[in-house]
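Summary of structural features
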Amino acid sequence: NLISKNVDGIMTTPVVQEDFYELIPHLIDIPYIYVDSPINHPGAISTIAQNPFKGGLCAGKIMKLLKGSGCFACIRMYDNAYNLLERARGFSEFFAQDSGSKVYDVICEDFSSSGIYSFLENFYETHPDLKGIFIPHAEVEVATYFLINKGLKNKIALIGYDSVPQNKQALLGGTIDCLIGQRPETQGAEAVFQLYQHIMLHKKIEKEVEMPIDIFFRENIQ
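Calculation criteria
- Residues numbered from 1 in each chain as written.
- Predicted model: local features only at pLDDT ≥ 70, side-chain atom pairs only at ≥ 80, totals over all residues.
- Heavy atoms only, no water.
- Core = buried A, V, L, I, M, F, W, Y, C linked by side-chain atoms within 4.5 Å.
- Buried < 20%, exposed > 50% of the residue type's maximum accessible area, 1.4 Å probe, protein only.
- Helix = DSSP H or I, 4+ residues; strand = E, 2+ residues; numbered from the N terminus.
- Contact = heavy atoms within 4.5 Å.
- Phe/Tyr/Trp six-rings, centres within 6.5 Å; stacked < 30°, edge-to-face > 60°.
- Lys NZ or Arg CZ within 6 Å of the ring centre and 35° of its normal.
- Pairing = 2+ DSSP bridges.
- Axes fitted to C-alpha atoms, helices over the stretch in contact; angles between N-to-C directions.
- Parallel < 35°, antiparallel > 145°, perpendicular 65-115°, else oblique.
- Left-handed = near helix turned anticlockwise from the far one by under 90°.
- Nonpolar A, V, L, I, M, F, W, Y, C, P; charged D, E, K, R; others polar.

Take the nonpolar core next. With 28 residues, the main nonpolar core has Ile75, Leu130, Ile133 and Leu158 as its most contacted residues. Those elements that place two or more of their residues in this core are strand S4 (71-76), helix H4 (113-126), strand S6 (130-135), helix H5 (141-149) and helix H6 (165-173). Leave out the neighbours within four places in its chain, and Ile75 touches Val106, Cys108, Phe119, Leu120, Ile133, Phe134, Ile135, Pro136 and His137. Met63, Phe72, Ala88 and Phe95 belong to the second largest nonpolar core, which has 16 residues in total.

Let us look at the packing of aromatic side chains. A complete count under the given rule lists 10 aromatic pairs for this structure. Ring geometry for Tyr32 and Tyr34: centres 5.8 Å apart, planes at 55 degrees, overall tilted. Side by side, Tyr32 and Tyr34 carry an identical accessibility label, which is buried. Look at Tyr78 and Phe111: their rings are 4.7 Å apart centre to centre, the planes differ by 65 degrees, and that puts the pair in the edge-to-face class. One end of the pair, Tyr78, is in the loop between S4 and helix H3 (82-96); the other, Phe111, is in the loop between strand S5 (102-107) and H4, and 33 residues separate them in sequence. The exposure class of Tyr78 is partly exposed, given its relative accessible area of 31%. A residue is classified by how much of its surface remains accessible, and Phe111, at 46% relative accessible area, is partly exposed. Put simply, the rings of Phe72, Phe91, Phe94, Phe95, Phe134 and Tyr161 pair up and form one aromatic cluster. Positioned above the aromatic ring of Tyr161 is the side chain of Arg87, whose terminal nitrogen or guanidinium carbon lies 3.8 Å from the ring centre.

What follows covers the pairing of strand S2 (residues 32-35). The alternating pattern of S2 places Tyr32 and Tyr34 and Ile33 and Val35 on opposite faces, both of which are buried. Of the strand pairs in this sheet, strand S1 (residues 10-12) and S2 are connected by 3 bridges, and their pairing is parallel. Along S2, the bridge assignment pairs Ile10 with Tyr32. In this structure, S2 lies alongside strand S3 (residues 46-50), joined through 3 bridges in parallel fashion. Residue pairing for S3: Val35 is matched across the bridge by Ile48.

Two numbers describe how H4 lies on H5: the axes approach to 9 Å, and their chain directions differ by 50 degrees. By the angle between their directions, the pair H4 and H5 is classed as oblique. For the pair H4 and H5, the crossing hand works out as right-handed. Contact with H4, carried on its side by Ser113, Ile116, Tyr117, Leu120, Glu121 and Tyr124, involves Val142, Ala143, Tyr145, Phe146 and Asn149 of H5 and no other residues of that element. Here the residues of the contact of H4 with H5 are counted per class, giving 8 nonpolar, 2 polar and 1 charged.

If you want it as structure tokens, here you go:
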């Protein structure tokens with residue numbers, strides 16, 4: 001129980017909205033800040049996050065520049081995560097304006113490497129005209145193995161999220177075409193600072209702090 005531990009402030013990432021809403025009644029007297037997921041709930045004293053819908057739009061625009069029109073897939077490993085839903089929605093909405101394109105928003109329920117690989121294999125068998133894959137979270141690495149092993153890297157573009165070490169290496173190696181970054185370290189530091197301002201200094205803080213959408217290619221990832 002957070003209240004019994006005399007917690008003065010909370011920094012939280014409410015990835016799945018419904019689960020976090022169950023916790024909110026217990027936080028009546030504790031100020032809390034949303035990080036990463038800008039869910040639509042008024043209780044937090046501040047939200048520090050990237051706009052996930054805009055991130056999805058950016059991914060769509062980059063995919064269009066790389067591959068033009070055609071068949072594209074947004075592949076997610078999580079069903080109810082707010083950020084992923086919004087990124088997928090932005091990606092799909094961008095291509096909704098393009099009559100020559102089709103986007104499949106699909107969910108891979110097996111998070112294991114072999115499960116993701118098999119999912120990609122099966123999806124490609126039924127969609128051999130696939131021109132691009134957008135994975136709206138950090139688990140992009142298995143998709144690079146699939147594209148290399150099947151000899152599809154020159155045919156299918158791959159866009160992912162988060163510049164974690166394995167994704168950086170894949171981008172430098174050319175197996176990922178683009179990464180979208182959201183400055184997680186900056187988000188965490190800003191959240192601590194905002195809590196300090198609110199709790200210790202009793203200052204008015206910003207209700208929303210929107211993080212930039214960083215676009216990384218092989219040439220600028222370093």
